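Fold and geometry: a report
Here is how the chains run, residue by residue.
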Amino acid sequence: MNWKFWQKRKDADPKKKKSKGREWTDAIIFAVVAATIIRVFFIEAYTIPTGSMERSLLVGDFLFVSKVNYGARIPMTPIAFPFAHHTMPITGTKAYWDGVQWKYRRLPGLTDIKRNDVVVFNFPEGDTVALEQQDHNYYEMVRSLGWQSVHSQFTIVSRPVDKRENYIKRCIGIAGDVVSMKNGLVSINGKPEKLKPTGQITYAVKFKTADVNFSIFEGMGFNLQSDITGLAQNTYEFTGTETMMDQVRKLDFVESVKENTAVEGEQSLDVFPHDPNRKWNVDNFGPITIPKKGWTVKLDSATMPLYERSIRIYEGNKVEKVGKDWMINGQKADTYTFKMDYYWMMGDNRHNSLDSRYWGFVPEDHVVGKALFIWMSYDTNGSFFSKIRWSRLLRGIH
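A short tour of the structure in this document, coming up. This is a predicted model, so every value here is computed, not measured. (Residues numbered from 1 in each chain as written. Predicted model: local features only at pLDDT ≥ 70, side-chain atom pairs only at ≥ 80, totals over all residues. Heavy atoms only, no water.)

**Comments concerning the overall build of the chain**
Each helix and strand counted, the chain has seven helices and 23 strands in total. Taken over the C-alpha atoms alone, the chain extends approximately 100 × 65 × 45 Å along its principal axes. Across the 398 residues that make up the chain, the buried fraction comes to 41%. Within the chain, counting contacts between residues at least 6 apart in sequence, those at least 24 apart form 69% of the total. With the model as given, the accessible surface of the chain reaches about 22,500 Å², and the carbon-plus-sulfur share is 56%. Averaging the coordinates of the 54 positive side-chain charges in the chain and doing the same for the 45 negative ones gives two points 9 Å apart. (Helix = DSSP H or I, 4+ residues; strand = E, 2+ residues; numbered from the N terminus. Buried < 20%, exposed > 50% of the residue type's maximum accessible area, 1.4 Å probe, protein only. Contact = heavy atoms within 4.5 Å. Areas by Shrake-Rupley, 256 points an atom, 1.4 Å probe, with all protein chains shown as cover. Lys, Arg positive; Asp, Glu negative; His and termini not counted. Charge placed at Lys NZ, Arg CZ, Asp CG, Glu CD.)

The following block contains the structure:
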């Protein structure tokens, strides 16, 4: 018996070269492994699919997102097909195996998440998905259609944290902050925070005449197809930044320009925490304290609509209400101490963004990375020579 099987055979030819097929196989394996390591631990490319961050980020912007800044997250679902997120591109089948799940761990980062950072994260309410309607929020479907109707019509699946859809928003509040909003203006810890210069909301613009040459607004940066909508006679809804709307106000045929915000006290149950006892809407809500690791909250009828999902889903506890008492993991509990930090994320396009106003807090284990810069920007509606937005290439994200 050959007890030195790990040694090269003496009669092996040291000059014998690998076949072309073997060289290509080795090169492909090396490239896949190297690219996977880079994507997981260093930097990854993303694209902007919706207008929720306009005009800060445009549809068709391609970004590089750093995993290093906040610390790379160790894969929680380690067995997955390379370069596929949750679904295989051709077959439409699941691109991972959730039979093996690792606990949340993160390597040390260069910095903590700060207010106004543009952050990529896994969609918190993406834990449950209707496969035939993946672009719809499952929980919103249940609220509008009912549990029985949704489960009878669609195939319902669950997804682990790191295989949920990727979202990109601006961090408005960090763990421990108190966030509120009144008439479309956000306040953090009682201090009003105006929209960034690139942020936009909707305005009601009334003209003095029906004879208006709308092409003048193109020169101000408005898209006539998406940014201007008729409301009533001589009145239109404009979506734009404060600077753009200041230009509109100066036009001699404009009678008035008003922010088109929801009325305070007008209730929208689509808004987090979907509590009939809170008359909140997309422009008026709060105050809400964002959970912080180590913070202890009293459990009662006022706090549980805000924090029950975080305690139950994000932190993995069994939560029940027995009579007037709350039970956590089978034990009566009057308080709960959070194990993770949480964040409040909102889109810069305030009236066209599904964000924390609709689904609440973003747990720290859902954070993917920090958006750094735009490496490519492609306008599908542009002409042949202007499809690439050259002025946006290699632009940093602030």
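**Here we look at the sheet that holds strand E10 (residues 201–207)**
Spatial ordering of the open sheet is given by E11-E12-E10-E13, a layout of four strands whose pairing is antiparallel. Of all strands in the sheet, those bounded by a partner on one side alone are strand E11 (228–232) and strand E13 (254–259). Strand after strand, the sheet turns through a mean of 30 degrees between neighbouring axes, direction not considered. Strand direction decides the pairing type here: E10 and E13, joined by five bridges, are antiparallel. Considered in E13, the bridge of Val205 is made with Val257. (Pairing = 2+ DSSP bridges. Axes fitted to C-alpha atoms, helices over the stretch in contact; angles between N-to-C directions.)

**Quick word on the environment of Arg170**
If you trace the backbone, Arg170 turns up in strand E6 (residues 166–173). Ignoring anything within four residues of it in the chain, the contact list for Arg170 reads Met53, Ser56, Asn116, Asp117, Val118, Lys196, Thr198, Trp344, Met345, Met346, Asp348 and His398. A distance of 2.7 Å separates polar atoms of two side chains, one belonging to Arg170 and the other to Asp348. (Polar contact = N/O pair within 3.5 Å; in protein donor to acceptor, adjacent residues only side chain to side chain.)

**Comments concerning the nonpolar core**
If you look at the biggest cluster of nonpolar residues, it comprises 29 residues, and the most contacted ones within it are Val179, Ile288, Leu299, Tyr307, Ile311, Trp344 and Phe361. Going through the elements one at a time, strand E7 (178–182), strand E8 (185–188), strand E14 (285–289), helix H6 (304–314), strand E17 (325–328) and strand E20 (342–346) are the ones with two or more residues in this core. The greatest single-element share of this core, amounting to five residues, is contributed by H6. Once you skip the residues sitting within four places of it in the chain, Ile311 turns out to touch Leu299, Met304, Gly316, Asn317, Val319, Ile328, Tyr336 and Phe338. Ranked by size, the runner-up nonpolar core spans 17 residues in total, among them Tyr203, Val205, Met245 and Leu251. (Core = buried A, V, L, I, M, F, W, Y, C linked by side-chain atoms within 4.5 Å.)

**Points about the pattern of salt bridges**
Under the definition given, this model contains 19 salt bridges. A salt bridge links Asp98 to Lys94; the shortest N-O distance between them is 3.6 Å. On the accessibility criterion, Asp98 (32% relative accessible area) is partly exposed. A salt bridge links Asp379 to Arg389; its shortest N-O distance comes to 3.8 Å. Of this pair, Asp379 sits in the loop between strand E22 (367–377) and strand E23 (395–396) while Arg389 sits in the loop between E22 and E23; the two residues are 10 residues apart in sequence, bridging distant segments of the chain. (Salt bridge = Lys/Arg side-chain N within 4 Å of Asp/Glu carboxyl O.)

**As for the sheet that holds strand E18 (residues 331–333)**
Taking strand neighbours across the sheet as the criterion, the three strands line up as E16-E17-E18 in an open arrangement whose pairing is antiparallel. What marks the edges here is a single partner per strand, and that holds for strand E16 (319–322) and E18. In this sheet, adjacent strand axes meet at a mean angle of 40 degrees when their direction is disregarded. In terms of strand pairing, E17 meets E18 through three bridges, oriented antiparallel. In the sheet register, Ile328 faces E18, and the bridge partner there is Gln331. H6 rests against E16 and E17 of the sheet, and its axis sits at about 135 degrees to E16.

**Describing the side chain of Thr202**
Relative to the helices and strands, Thr202 resides in strand E10. Among the polar contacts made by the side chain of Thr202, one reaches the side chain of His351 at a distance of 2.6 Å. In this structure Thr202 touches Glu237, Phe238, Thr239, Glu259, Asn260 and His351, once residues within four positions along its chain are discounted.

**Overview of unusual backbone geometry**
Apart from glycine, the bulk of residues carry a negative phi angle, and the bulk of peptide bonds sit in the trans form. For the bond running from Glu54 to Arg55, omega is 5 degrees, close enough to zero to count as cis. With respect to the element layout, Arg55 can be found in the loop between strand E1 (43–47) and strand E2 (61–66). In this chain, Phe272 is followed by Pro273 through a cis amide linkage whose omega measures 5 degrees. On the secondary structure map, Pro273 appears in the loop between E13 and E14.

**Considerations on the side chain of Glu315**
Mapped onto the elements, Glu315 comes out in the loop between H6 and E16. The side chain of Glu315 sits in the buried core without any salt bridge; Lys339 is the nearest counter-charge, 5.2 Å away. There is a polar contact of 2.4 Å between the side chain of Glu315 and the side chain of Tyr336. Polar contacts involving the side chain of Glu315 include one to the main-chain amide nitrogen of Lys339, which spans 3.0 Å.

**Details of a nonpolar patch on the surface**
On the surface, Ile29, Val33, Ile37, Ile38, Phe42, Val68 and Leu110 cluster together to form a nonpolar patch covering roughly 630 Å² of accessible area. Here Ile29 is to be found in helix H1 (residues 20–41). Judged by relative accessible area, which is 48%, Ile29 ranks as partly exposed. (Patch = residues over 30% accessible without salt bridge, like charges linked within 9 Å, V, L, I, M, F, W, Y side chains within 5 Å.)

**What to know about the packing of aromatic side chains**
Scanning the model with the defined rule gives 33 aromatic pairs in all. Between the aromatic rings of Phe123 and Tyr167, the centroid separation amounts to 4.5 Å while the plane-to-plane angle is 5 degrees, which identifies the pairing as stacked. With Phe123 in the loop between strand E3 (118–122) and strand E4 (128–130) and Tyr167 in strand E6, the pair connects residues that are 44 residues apart, well separated along the chain. With a centroid separation of 5.8 Å and an interplanar angle of 65 degrees, the aromatic rings of Tyr307 and Phe338 are classed as edge-to-face. (Phe/Tyr/Trp six-rings, centres within 6.5 Å; stacked < 30°, edge-to-face > 60°.)

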